[in-house]
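Working through the structure, step by step
Next come the chains, spelled out residue by residue.
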Amino acid sequence: MIKKVNIWLDGKHLEVPETMTIIEAADKYNVNIPRLCYHPDLPPTANCGVCVVEVAGNPTPKRACCTPVAEGMKIVTNSKLLRSYRKTLVEMILSHHDVVCPTCSANNKCELQTLANNMGVDPDTLPNIMHKAPIDATSPSIVRDVNKCIACGRCVTVCNDVQTVYALTFSDRGIESQITSAFGSGMANSACVNCGQCTVYCPTGALRENSDIDAVWDAVLDPLKHVIVQEAPAIRVSLAEEFGMELGTITVKKMYAALRKIGFDAVMDTNFTADLTILEEGTECVNKLKSGSKRPLITSCSPGWIKFMETYYPDLADCVSTAKSPMSMFGVLSKTYYAQEQNIDPANIVSVAIMPCIAKKFEARRPEMRDSGFQDTDYVLTTRELLRMIKEAGIDLKYVKEEDADETMSFYTGAGTIFGTTGGVMEAAIRSAYTLVTGEELEEIDITAVRGLEGVKEATIPVPGFGDLHVAVAHGLSNARLVMDRIREGLNTTGESPWHFVEIMACPGGCVGGGGQPYGNNMAMRARRGEGLYHEDRNLPIRKSHHNPEIKRIYERFLGEPNSPLAHRLLHTHYFKRSVNNGQVIEEATHKHH
Amino acid sequence: MFLDICKKYPPTKDNLIYILHEIQDTHPQHYISEEAVQVISEYLAVPVNHIYGVLTFYSMYSTKPRGKYIIRLCESPPCYIKSSDIILRRLKSLLHVNVGETTKDGLFTLELCACLGVCGNAPVMMINDDVYGDLTEEKIDSIIDKLSEV
Ligand code: SF4
Ligand code: SF4
Ligand code: SF4
Ligand code: FES
């Protein structure tokens, strides 16, 4: 039992756990203390000083984000003194800031903008003395604009402590202090795995995706191009809140309609290839289990995770499924199978993917992802970019009439849709792998042990004819490390992995918490979106990938069977060993088999 | 050779600043290269970005090659009152460099520093490990002359 203490917050008596900080207690009781660096998902960095409050008996104000409550504490959250403190701090920040709100990617979501506006800061009080520094756009995924950085430190915490990638750091000190990659090498030449978590937690527009909006508009508005679009599972559950609908609402058919209005020639769905991934990866898993291999199979759909593995665990690359991600399977099929079926020259196809992820931009540009003879996926847009396009097109999603997707490559099952949340790929895979091993259908298909936001989840599923199937699920790369270290240790000591099958997603919460998701995100919101996907799964007529009639059709008409030579050529890939210093390829870690 | 220096210290994180010091001091160009950081990173199992953060936090470390002689002129008020600004101007025009830069021949790097603790002899500067006090423009000329000859 955690002891409770009595505090008086703006005169109001409250009983709160003694482990809380002042800001946590205030948040719990809806008392808003201004802040810039504190975020409820992260340990406080206490860098900005905006959260100051007066605590009786103390001569100077205290920072609410890093001051624990104490018995009898009397706290004042607003006073003349505090207002002037905060105003001065914000004025000082703005005087070193590239204030270009109307065109900024963070406009309307920016915590600095909101705070300055709420406090009625007058920009004329302090002249702007910013020296504009170059913007780092070396990476295909991420843009770093230090001119908008307020040195809150959230990105450094996320990159080092939550993701353990060690790409970002503070350099120099005092007023010159800024975030950077080591030796100012640029994000493309750092350990950055493009997960984008730093962009979602950044309170301003200092970190954002490398935008492909213009290129996509150009393609869409070009009558000679056949522009097709796929949307990841997480997109359908992440648009509603931006248009005044309830967070976690599934808006899949409105999403299709909006994409047609924007001008895409064919609207299809990544969920279809999520089902296809299950067949390819599930077959790979079953073959591995049957072979008696002591090495586990680890999922491969998260590109942030893949680059992380290539950097920190290349010795285990052979344990990672060779199956491409659903996005890349879709990309290659869009220029082979689809082109053939529709009788379109693949050279005229522009294949666009809407993803909750910025690492997908990196994945699409990997040289391996050209098995169609072209770049398989031409452009990747994040959820944030899609939202901007929808708004630019003047569409209010709330009032858009629902439409169906095009027929090819769009039909999906409940298993495909839960790919968007942590544990979903594992659950989907078990639903089908069970049948692949036993020839029987799994009856209890809600595998709740792998659901939820626990960092590492484990489950054991009895499979007749095989025995106990041990699985693990990790999300967020520090959790991935825990799992990978145990696998490495197991293989190096007893020669056995603690689990047969492991799912890893780079982002906390899985894709619903991806680095391309709307700004102003937190773990509680990610959980709501995940629930939205489970809800859709429950209500879909088919909930197992191997029952998807369109999947059966693509094998009959094109691919042959799972893991066939053609499937291997188009739908599977191989991995590299990368430098921990700069992320560049050192050598092949596995080979592509033909 | 970076590794040889590392190995003089047990591989624990608290030895980072000592290793950085020795690597910088023994380098003919008085700096810590990217390559050195990568070697230290592997030796101590500390990510390169952390080392870079430490390196840039302390003004005593440099990530850029520096001259054979590092001139550190005190910029604290006691020296300023005694016209350290005139000394600075003299140094800049003599060496044709700005603060933080190295002369073309790689001989001198000009830097500013906080109080050296010998305010009695203000204005003061250090060149490598030697302190020079009661500076005048003439003194500067002869010091630089002498060092340039060797
Ligand atoms: S980061 Fe915020 S304050 Fe700065 S320009 Fe963008 S919206 Fe405006
Ligand atoms: S994208 Fe991810 S890995 Fe890259 S800097 Fe941001 S948090 Fe670190
Ligand atoms: S880039 Fe963003 S998250 Fe990182 S320190 Fe600057 S403002 Fe904070
Ligand atoms: S929110 Fe407390 S110091 Fe920034």
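Residues numbered from 1 in each chain as written. Chains lettered and ligands numbered in written order. Predicted model: local features only at pLDDT ≥ 70, side-chain atom pairs only at ≥ 80, totals over all residues. Heavy atoms only, no water.

Working note: regular strand, side chains alternate between the two faces of the sheet. Residues and elements named next belong to chain B. Across the 6 residues that make up strand E1 (residues 69-74), a large majority, 5, are buried. Pairing between E1 and strand E3 (residues 125-127): 3 bridges, direction antiparallel. Counterpart to Leu-73 in the pairing with E3 is Met-125. (Buried < 20%, exposed > 50% of the residue type's maximum accessible area, 1.4 Å probe, protein only. Helix = DSSP H or I, 4+ residues; strand = E, 2+ residues; numbered from the N terminus. Pairing = 2+ DSSP bridges.)

Residue and element names in this part refer to chain A. As for its position among the elements, Thr-590 is in the segment after strand E19 (585-588). Polar contacts involving the side chain of Thr-590 include one to the main-chain amide nitrogen of Tyr-575, which spans 2.9 Å. Thr-590 has contacts with Ala-317, Asp-318, His-574 and Tyr-575, leaving out every residue within four places of it along the chain. (Polar contact = N/O pair within 3.5 Å; in protein donor to acceptor, adjacent residues only side chain to side chain. Contact = heavy atoms within 4.5 Å.)

This part takes up the sheet that holds strand E17 (residues 501-505) of chain A. All names here are of chain A. Strand order in the open sheet formed by 4 strands is E12-E17-E16-E15, with mixed pairing between adjacent strands. At either end of the open sheet lies a strand with only one pairing partner, and these are strand E12 (297-298) and strand E15 (456-463). The sheet strands contacting helix H16 (residues 477-493) are E12, E15, strand E16 (467-475) and E17, and the helix crosses E16 at an angle near 145°. (Axes fitted to C-alpha atoms, helices over the stretch in contact; angles between N-to-C directions.)

Residue and element names in this part refer to chain A. Every buried residue of helix H3 (residues 111-118) is accounted for by Leu-112, Leu-115 and Ala-116. Within H3, the buried residues cover an arc of 95° as seen down the axis, which keeps them to one side. Exposed side chains of H3 directed beyond 90 degrees from the buried face belong to Asn-117 and Asn-118. The elements touched by buried residues of H3 are helix H2 (80-95). Following H3 by one or two positions, Gly-120 has its phi on the positive side, about 60°. (Arc of directions from axis to C-beta.)

Turning next to the pattern of salt bridges. Residue and element names in this part refer to chain A. Evaluation of the coordinates by the stated rule reveals 42 salt bridges over all chains. Linking Asp-406 and Arg-260 is a salt bridge whose minimum nitrogen-to-oxygen distance equals 2.7 Å. Of this pair, Asp-406 sits in the loop between helix H13 (383-392) and helix H14 (414-417) while Arg-260 is found in helix H7 (residues 252-262), placing the two residues 146 residues apart along the sequence. Judged by relative accessible area, which is 23%, Asp-406 ranks as partly exposed. A salt bridge links Asp-378 to Lys-335; the nearest nitrogen and oxygen atoms lie 2.6 Å apart. Within this pair, whereas Asp-378 is found in the loop between helix H12 (359-365) and strand E14 (379-382), its partner Lys-335 is found in the loop between helix H10 (326-334) and helix H11 (337-342), the two being separated by 43 residues in sequence. Overall, the relative accessible area of 4% leaves Lys-335 in the buried class. (Salt bridge = Lys/Arg side-chain N within 4 Å of Asp/Glu carboxyl O.)

Residue and element names in this part refer to chain B. Looking at the element boundaries, Val-46 is found in the loop between helix H3 (34-44) and helix H4 (48-57). Residues Val-46 and Pro-11, 35 residues apart in the sequence, show an inter-C-alpha distance of 10.0 Å. Contacts of Val-46, omitting those with residues within four sequence positions, involve Lys-13, Ser-41 and Ile-51.

Another aspect to go through is the site of ligand 3. In the vicinity of ligand 3 there are 13 residues, among which Cys149(A), Cys152(A), Gly153(A), Cys155(A) and Cys202(A) approach most closely. Taken together, the residues of the shell around ligand 3 sort by class into 10 nonpolar, 2 polar and 1 charged. (Near = heavy atom within 4 Å. Nonpolar A, V, L, I, M, F, W, Y, C, P; charged D, E, K, R; others polar.)

Residues and elements named next belong to chain A. If you walk across this open sheet you meet the 4 strands as E11-E10-E13-E14, and the pairing is parallel. Unpaired on one side and paired on the other, strand E11 (266-267) and E14 mark the two borders of the sheet. Alignment of strand E10 (residues 226-231) against E11, held across 2 bridges, turns out to be parallel. Its bridge partner being in E11, Val-229 is matched across the sheet by Val-267. In the packing of H13 onto the sheet, contacts are made with strand E13 (349-355) and E14, and the angle to E14 comes to roughly 85°.

Now for the site of ligand 2. Within the structure, ligand 2 sits among Ile142(A), Cys159(A), Val165(A), Leu168(A), Met187(A), Cys192(A), Val193(A), Asn194(A), Cys195(A), Gly196(A) and Cys198(A). Residue classes in the shell around ligand 2 are distributed as 9 nonpolar, 2 polar and no charged.

Further remarks concern the confidence of the model for chain B. Residue and element names in this part refer to chain B. This prediction gives chain B a mean pLDDT of 93; 99% of its residues lie at or above 70. The element-level mean pLDDT for chain B is lowest in helix H5 (residues 77-81), coming to 91, with H3 highest at 96. Model confidence for the complex is summarised by a pTM of 0.92, with the ipTM given as 0.83. (pLDDT = per-residue confidence, 0-100.)

Here we take up the interface of chain B and chain A. Of the residues lining the interface, 17 residues belong to chain B; the matching set on chain A comes to 15 residues. It is Asn49(B), Tyr52(B) and Phe57(B) in chain B that bury the most area against chain A; as a group they hold 44% of the surface buried on that side. Inspection of the region where chain B meets chain A yields 0 salt bridges. In this structure, the connection of chain B to chain A is made through 7 residue pairs in polar contact (both at pLDDT 80 or more). For the side of chain B that touches chain A, the secondary structure elements donating two or more residues are H3 and H4 of chain B. Counting residues per element, the side of chain B that touches chain A draws most heavily on H4(B), at 8 residues. Grouping the amino acids of the side of chain B that touches chain A by side-chain chemistry returns 8 nonpolar, 8 polar and 1 charged. (Buried area = accessible area lost by both parts, 1.4 Å probe.)

By a frequent convention, interface size equals the accessible area lost on bringing the separate parts together. Each assigned domain of chain A is listed here: domain 1 (4-78), domain 2 (101-208) and domain 3 (213-591). On a C-alpha basis, the centroid separation for the pair domain 1 of chain A and domain 3 of chain A is 41 Å. (Domains from an automatic or database assignment.)

To continue, consider the nonpolar core. For soluble globular proteins, the rule of thumb is that nonpolar side chains tend to be buried together. Residues and elements named next belong to chain A. Counting residues in hydrophobic clusters, the biggest one holds 50 residues, and the most contacted among them are Leu-276, Leu-333, Met-409, Val-471, Ile-554, Leu-559 and Leu-571. Top element by residues in this core is helix H8 (residues 270-291). It accounts for 7 residues. Counting 43 residues, the second largest nonpolar core, distinct from the first, contains Trp-305, Ala-474, Leu-491 and Tyr-575. (Core = buried A, V, L, I, M, F, W, Y, C linked by side-chain atoms within 4.5 Å.)

A few words now on unusual backbone geometry. Residues apart from glycine generally show negative phi values, whereas peptide bonds are mostly found in trans. Residue and element names in this part refer to chain B. Of note, the amide linkage connecting Ala-122 to Pro-123 takes the cis form, showing an omega dihedral of -5°. With respect to the helices and strands, Pro-123 occurs in the loop between strand E2 (108-113) and E3. Even without being a glycine, His-30 presents a positive backbone phi close to 50°. Relative to the helices and strands, His-30 resides in the loop between helix H2 (16-26) and H3. The class of His-30 is buried, set by a relative accessible area of 16%.

Turning next to the packing of aromatic side chains. All names here are of chain A. Inspection of the entire model under this criterion finds 7 aromatic pairs over all chains. A centroid spacing of 5.2 Å and a plane angle of 50° characterise the contact between Phe-308 and Tyr-312, whose relative ring orientation is tilted. Of the two residues, Phe-308 and Tyr-312 both sit in helix H9 (residues 303-312), 4 residues apart, roughly one turn of that helix. We classify Phe-308 as buried; its relative accessible area is 0%. When the ring of Tyr-337 is compared with that of Phe-558, the centres are 5.4 Å apart and the planes differ by 45°; the resulting orientation is tilted. Here Tyr-337, found in helix H11, pairs with Phe-558, found in helix H18 (residues 549-559); they are 221 residues apart in sequence, far enough to count as distant. When sorted by exposure, Tyr-337 lands in the same class as Phe-558, which is buried. Counting every residue linked through ring pairs, the aromatic cluster contains Phe-308, Tyr-312 and Tyr-313. (Phe/Tyr/Trp six-rings, centres within 6.5 Å; stacked < 30°, edge-to-face > 60°.)

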